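Descriptive analysis of the structure
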Amino acid sequence: MTALDLSRLITAAADTIADHAEELTALDQAIGDGDHGLNMKRGFEAVRAEADLFAAKPLPDALKAIGTKLVMTVGGASGPLFGTLFMTLGKEIPAGPDRASLTVAFGKAIEAVAARGKSQVGQKTMLDVLQPVHDALAEGKTAAEIADIADVAAKATVPMKALRGRASFLGDRSIGHMDAGARSTALLVRTVGQAIGEDA
Ligand code: ADP
Ligand code: MG
């Protein structure tokens, strides 16, 4: 990925989050505290503000720096979790990743998120999108197919009962709503897929 590509990718991700901030807030209002849209927007605008700085770095360093910035700016439970995702991806990915090395690095990053959140698949969190996306990457699906899989996975959190995060305080009342972090993850997956296309 060239510096220009990474800069464009950051812009596209920040645009996507800004365009969907109200939707993410509404989802978090239903079963959380209603700050997820604002949290994500604050974080991705902070990354956008330094896009050129990140894009000038080799990809692993850029991802680590973006992760650190997200930890510092997103806040909430999701900040350290998205931060961990990007930081671990940066730690594990080679400078010129192919599909196989991206898949391995992404798997490690998901494990790190699960460890940090003391969470696992099926608990109505971002992991319920991250894991199917990893599996689709491993199966050689196209970027468009992976984006659709991410959307389906986010929708599949609707009937789940939340077992982690603020939504878990609601118990059975968390059933019937989409998890906000699952939705933001699916949005980012589609944006990344569109930006890097079939290269990965
Ligand atoms: P907060 O819950 O502190 O208000 P946000 O609203 O920004 O933070 O983020 C909430 C999202 O974070 C949830 O929708 C869920 O996807 C994710 N999340 C929360 N706790 C965990 C956890 N322990 N493991 C994985 N994801 C989590
Ligand atoms: Mg919240």
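Residues numbered from 1 in each chain as written. Chains lettered and ligands numbered in written order. Predicted model: local features only at pLDDT ≥ 70, side-chain atom pairs only at ≥ 80, totals over all residues. Heavy atoms only, no water.

**Some points on helix 10 (residues 180–196)**
We apply this condition: Strands are runs of DSSP state E lasting at least 2 residues, helices are runs of H or I lasting at least 4, and numbering of each runs from the N terminus. How far a helix is expected to stretch is found by multiplying one less than its residue total by 1.5 Å. Exposed residues in this analysis have more than 50% of their type's maximum accessible area, buried residues have under 20%, and partly exposed residues fall in between, with area computed by a 1.4 Å probe over protein chains only. Any pair of nitrogen or oxygen atoms within 3.5 Å is treated as a polar contact; in protein, a donor-acceptor pairing is required on top of that, and neighbouring residues in sequence qualify only through side-chain atoms on both sides.
Spanning 17 residues, helix 10 covers 24 Å between terminal C-alpha atoms, matching the ideal 24 Å at 1.5 Å per step. Looking at helix 10, one finds that the buried residues are Ala-180, Gly-181, Ala-182, Arg-183, Ser-184, Thr-185, Ala-186, Leu-187, Leu-188, Val-189, Thr-191 and Gly-193. Its side-chain oxygen at 3.3 Å from the backbone nitrogen of Gly-181, Asp-179 defines the N-terminal cap of helix 10. Gly-197 occupies a position one or two residues after helix 10 and carries a positive phi of about 55°.

**Looking at the side chain of Ser-78**
Heads up, the condition is: Residue contacts follow a heavy-atom distance rule, with two residues in contact if any of their heavy atoms lie within 4.5 Å.
Mapped onto the elements of the fold, Ser-78 is located in helix 6 (residues 78–92). Not counting chain neighbours up to four residues away, the residues in contact with Ser-78 comprise His-36, Gly-83 and Met-126.

**Some remarks on the coordination of the magnesium ion (ligand 2)**
Note the cut-off: As a rule, N, O and S atoms within 2.8 Å of a metal are its donors, except that Na, K and Ca use 3.2 Å; water is not among the atoms, so sites may look incomplete.
Listed as protein donors to the magnesium ion (ligand 2) are Asp-28 (OD), Asp-33 (OD) and Asp-35 (OD); their distances from the metal cover 2.1 to 2.2 Å. Read in sequence order, the donor residues coordinating the magnesium ion (ligand 2) give the pattern D-x4-D-x1-D. Classification of Asp-28 as buried rests on a relative accessible area of 13%.

**Thoughts on the pattern of salt bridges**
To keep it simple, the criterion reads: One speaks of a salt bridge when a side-chain nitrogen belonging to Lys or Arg is within 4 Å of a carboxyl oxygen belonging to Asp or Glu.
Per the counting criterion, the structure on display carries twelve salt bridges. Residue Arg-183 is joined to Glu-23 by a salt bridge in which the shortest nitrogen-to-oxygen separation is 2.6 Å. Taken together, the residues Arg-183 in helix 10 and Glu-23 in helix 2 (residues 21–31) connect sequence positions 160 residues apart. The class of Arg-183 is buried, set by a relative accessible area of 16%. With a closest N to O distance of 3.4 Å, Glu-139 and Lys-141 form a salt bridge.

**Regarding the environment of Phe-82**
When you line up the elements, Phe-82 lands in helix 6. The class for Phe-82 is buried, based on a relative accessible area of 2%. Taking C-alpha positions, Phe-82 is 7.6 Å from Val-113, a pair spaced 31 residues apart along the chain. Setting aside anything within four residues of it in sequence, one finds Phe-82 in contact with His-36, Met-40, Leu-70, Met-126, Gly-181, Ser-184, Thr-185 and Leu-188.

**Quick look at the site of ligand 1**
Rules: To be near a molecule or strand, a residue needs just one of its heavy atoms within 4 Å of it. Only the protein chains shown count as covering a residue, and every accessible area follows the Shrake-Rupley method with a 1.4 Å probe. Gly counts as polar in this scheme, as do all residues outside two lists: the nonpolar Ala, Val, Leu, Ile, Met, Phe, Trp, Tyr, Cys and Pro, and the charged Asp, Glu, Lys and Arg.
Neighbouring ligand 1 are 20 residues, the closest being Ala-77, Ser-78, Gly-117, Ser-119 and Asp-179. In the environment of ligand 1, an oxygen atom lies 3.0 Å from a nitrogen or oxygen atom belonging to the side chain of Asp-28. For ligand 1, an oxygen atom lies 2.5 Å from a polar atom in the side chain of Asp-179. For ligand 1, the accessible surface in isolation is 560 Å², of which the surrounding protein chains cover 93%. Of all elements in the fold, only helix 3 (36–49), helix 6 and helix 10 reach the threshold of two or more residues within the shell around ligand 1. Of the residues in the shell around ligand 1, the class split is five nonpolar, nine polar and six charged.

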